[in-house]
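Chain by chain, the residues:
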Amino acid sequence: MKKLLVLSALALLVCAGCKPAHPSKVFEDPAFEPNKVGSVLITPVISSIIEGEDSQRQSERIPNRILMELLGERGDYRFVSPDQFQGAVARGRLGDRYAAFKDGFTRKHVIDGEFLSELKVELNVDALLIPHVYLWHKDEADYREGATSSVTQVGATLTLVDMGSGAVLWEASDENFREAVRSEDRSVVAAGGVDRRVSGVTGTGKDMYAAPPFDDVTLVVFQSLVGALPARAATK
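Remember, it's a predicted structure, so these values are computed and weren't measured experimentally.

Q: What exactly am I supposed to notice about the packing of aromatic side chains here?
A: Geometrically, a pair of aromatic rings is defined through the distance of the ring centres and the angle of the planes. Applying the stated rule across the entire model yields seven aromatic pairs. Plain terms: the ring middles of F101 and F115 are 4.9 Å apart, the flat faces sit at 35 degrees to each other, and that makes the pair tilted. One end of the pair, F101, is in helix α4 (residues 95–108); the other, F115, is in helix α5 (residues 113–122), and 14 residues separate them in sequence. Site record: aromatic cluster; members linked through ring pairs are F85, Y98, F101, F105 and F115.

Q: Which parts of the structure should I look at to understand the packing of helix α2 (residues 58–71) against helix α6 (residues 214–228)?
A: A packed helix pair is summarised by two numbers, namely the angle formed by the two axes and the spacing between the axes. Between α2 and α6, the least distance of the axes is 9 Å, while the angle of their chain directions is 45 degrees. On the basis of their axis angle, the class for α2 and α6 is oblique. Handedness of the α2/α6 crossing: right-handed. Two secondary-structure elements touch here, α2 through Q58, I62, P63, R65, I66, L67, L70 and L71 and α6 through F214, D215, T218, L219, F222, Q223 and V226.

Q: I tried to follow the layout of surface pockets on my own but got confused; where do I start?
A: Take a probe with the size of a water molecule and roll it over the atoms, and the empty space left behind shows itself. The volume enclosed by the largest pocket comes to roughly 250 Å³. Together, 13 residues line the largest pocket, and I46, S47, E60, K102 and T106 are the ones closest to its centre. Of all elements in the fold, only β3 (46–47), α2 and α4 reach the threshold of two or more residues within the lining of the largest pocket. Looking at the lining of the largest pocket element by element, the count peaks at five residues for α4.

Q: What is the right way to look at the confidence of the model for the protein in this model?
A: Low-confidence regions, as indicated by low pLDDT, have predicted coordinates that should not be scrutinised in detail. Overall, the predicted model of the protein reaches an average pLDDT of 83, with 75% of residues at or above 70. When the criterion is pLDDT under 50, residues 1–17 qualifies, and its contacts beyond four places in sequence or with other chains add up to zero contacts.

Q: How should I be thinking about the nonpolar core in this particular structure?
A: Soluble, globular proteins show a tendency: their nonpolar side chains are buried together. In this structure, V40, L158, L160 and F222 are the most contacted members of the largest nonpolar core, which totals 31 residues. Elements supplying a minimum of two residues to this core: β2 (39–42), α2, β5 (127–139), β6 (151–162), β7 (168–179) and α6. Non-local contacts of V40, meaning those with residues more than four positions away in its chain, are made with Y77, R78, F79, V80, A127, L128, L129 and L160. Ranked by size, the runner-up nonpolar core spans 19 residues in total, among them L41, F85, F115 and L123.

Reading guide: rules and limits
- Residues numbered from 1 in each chain as written.
- Predicted model: local features only at pLDDT ≥ 70, side-chain atom pairs only at ≥ 80, totals over all residues.
- Heavy atoms only, no water.
- Phe/Tyr/Trp six-rings, centres within 6.5 Å; stacked < 30°, edge-to-face > 60°.
- Helix = DSSP H or I, 4+ residues; strand = E, 2+ residues; numbered from the N terminus.
- Axes fitted to C-alpha atoms, helices over the stretch in contact; angles between N-to-C directions.
- Parallel < 35°, antiparallel > 145°, perpendicular 65-115°, else oblique.
- Left-handed = near helix turned anticlockwise from the far one by under 90°.
- Contact = heavy atoms within 4.5 Å.
- 1 Å grid on protein atoms, 1.4 Å probe; cavity = no way out; pocket = protein on both sides within 12 Å on 5 of 7 lines; lining within 4 Å.
- Points joined across faces, edges and corners; volume = space filled by probe spheres on them.
- pLDDT = per-residue confidence, 0-100.
- Core = buried A, V, L, I, M, F, W, Y, C linked by side-chain atoms within 4.5 Å.
- Buried < 20%, exposed > 50% of the residue type's maximum accessible area, 1.4 Å probe, protein only.

Structure follows, in structure tokens:
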């Protein structure tokens, strides 16, 4: 009996070790001291998703809203909103430089230090937080097919950059997904050797087979990223 308990405990530890870590990737500069960073300017969410896959730019609007709500729950840093970022870009006539900055960041993951220097003239802040969405996908399965599932996927990165040097102080990336809720007691019919579900909605009319909303998965991803941002120690 004792041996069985030991084996069970080991099995649980192995299973726990198999679970993916969130965030999946984290980098922190060993010289980064959070207490030396007081004010953090936030850029609008940068999305790598092409217009053809996201014509309404949900991959920018939804993460923007959720990120600001999550950062608002933290009281250690003074976060300066994306609206103020855009105002500073307009005042400094930095629109073209900002476009080049986004292109360089998404394509080559490089930071334009000159752009940061010009931006710091308009807004004297310590660091810049860059949210980048690189995965935004829904796979809508045919509800009539057995053993299928609709899924929503989101992947994003948060990068904290020193405004003076342009060096990356901290960075975290994460991906997650949610599958559609399924009801296996629904009636099915067999046609051509394939089981097909007769109906894709519940009695209340709710579609149980549609991919979950982007809001739900985005919240999970950004909760992980914001939660991983190193905290500033309380000071008297």
